[in-house]
Amino acid sequence: QVQLVESGGGLVQAGGSLRLSCAASGRTFSNTNVGWFRQAPGKEREFVAIITSGGVRFYGDRVKGRFTISRDNAKNTVSLQMNSLKPEDAAVYYCAAETRGDYQRVAAYEYWGQGTQVTVSS
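Predicted model only: the values in this text are computed from it and were never measured.

Draft legend 1. Broad picture of the pattern of salt bridges. Summed over all chains, the structure comprises 6 salt bridges. Where Glu46 meets Arg38, a salt bridge forms, and the shortest distance between an N and an O atom there is 2.8 Å. Salt bridges linked by common partners bring Arg38, Glu46, Arg62, Arg66 and Asp89 together as one network.

Draft legend 2. Region of interest: the packing of aromatic side chains. Under the criterion given, the structure shown has 7 aromatic pairs. Their ring planes at 25° and their centres at 5.0 Å tell us that Phe58 and Tyr103 sit as a pair that is stacked. Note that Phe58 is positioned in strand β6 (residues 57–59) and Tyr103 in the loop between β9 (91–99) and β10 (109–112), a separation of 45 residues in sequence. Relative accessible area serves as the criterion here: at 34%, Phe58 is assigned to the partly exposed category. By relative accessible area, Tyr103 is classed as partly exposed at 24%. Pairing Tyr94 with Trp112 gives two aromatic rings, centres 6.4 Å apart and planes at 75°, and the pair type is edge-to-face. Here Tyr94, found in strand β9, pairs with Trp112, found in strand β10; they are 18 residues apart in sequence, far enough to count as distant. Its relative accessible area of 24% is what places Trp112 among the partly exposed residues.

Draft legend 3. Summary view of the state of the cysteines. Under the counting rule described, the total for this entry stands at 1 disulfide. In this model Cys22 forms its disulfide with Cys95; the gap between the sulfur atoms is 2.1 Å. A torsion of 60° about the S-S bond marks the disulfide between Cys22 and Cys95 as right-handed. Taken together, the residues span a long stretch of sequence, with Cys22 in strand β3 (residues 18–26) and Cys95 in strand β9 at a distance of 73 residues.

Draft legend 4. Expanded view of the sheet that holds β3. Taking strand neighbours across the sheet as the criterion, the 4 strands line up as β1-β3-β8-β7 in an open arrangement whose pairing is antiparallel. Taken across any chain shown, the strands that pair with only one partner, and hence form the sheet edges, are β1 (2–7) and β7 (67–72). This sheet shows a mean twist of 15° between the axes of neighbouring strands, independent of strand direction. Of the strand pairs in this sheet, β3 and strand β8 (residues 77–82) are connected by 6 bridges, and their pairing is antiparallel. Within β8, the residue paired with Leu18 across the bridge is Met82.

Draft legend 5. Geometry of the environment of Lys75. Counting through the fold element by element, Lys75 comes out in the loop between β7 and β8. On the basis of relative accessible area, Lys75 is assigned to the exposed category, the value being 62%. As for Lys75 and Gly16, which are separated by 59 residues in sequence, their C-alpha atoms are 26 Å apart.

Draft legend 6. Broad picture of the side chain of Arg38. Positionally, Arg38 belongs in strand β4 (residues 34–39). In terms of polar contacts, Arg38 uses its side chain to reach the side chain of Asp89, at 2.8 Å. Within the local environment of Arg38, its side chain forms a polar contact with the side chain of Tyr93, the two groups lying 3.0 Å apart. Other than its neighbours up to four places away in sequence, Arg38 contacts Glu44, Arg45, Glu46, Val48, Arg62, Val63, Phe67, Glu88, Asp89, Ala91, Val92 and Tyr93.

What counts, and where the lines are drawn
- Residues numbered from 1 in each chain as written.
- Predicted model: local features only at pLDDT ≥ 70, side-chain atom pairs only at ≥ 80, totals over all residues.
- Heavy atoms only, no water.
- Salt bridge = Lys/Arg side-chain N within 4 Å of Asp/Glu carboxyl O.
- Phe/Tyr/Trp six-rings, centres within 6.5 Å; stacked < 30°, edge-to-face > 60°.
- Helix = DSSP H or I, 4+ residues; strand = E, 2+ residues; numbered from the N terminus.
- Buried < 20%, exposed > 50% of the residue type's maximum accessible area, 1.4 Å probe, protein only.
- Disulfide = S-S within 2.5 Å.
- Pairing = 2+ DSSP bridges.
- Axes fitted to C-alpha atoms, helices over the stretch in contact; angles between N-to-C directions.
- Polar contact = N/O pair within 3.5 Å; in protein donor to acceptor, adjacent residues only side chain to side chain.
- Contact = heavy atoms within 4.5 Å.

Here is the structure:
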């Protein structure tokens, strides 16, 4: 079992930055792939980024070049640095762990956090 808790969400102006964190507890975290998704009202949950257990990173097209995912295995945390935020980035952001199959699909992840709200004002 892996428990995930997100933090760092809030209100930011367009063009600003936020840093989200995902704290993990439970089984060995360093062996776990961890991803970030987001879901805006009325829309499907969308892949944002993933960092594998080996430190390889992949990003969704809409955030590439603006967001950076990183991990600190000693602290059991994965972070998402979000820069140049746009109003369309507003959503509830979720971290998720363990992947089987296509890492861009919600169904590939076994564990999910409760989410943290990001609001971007124009």
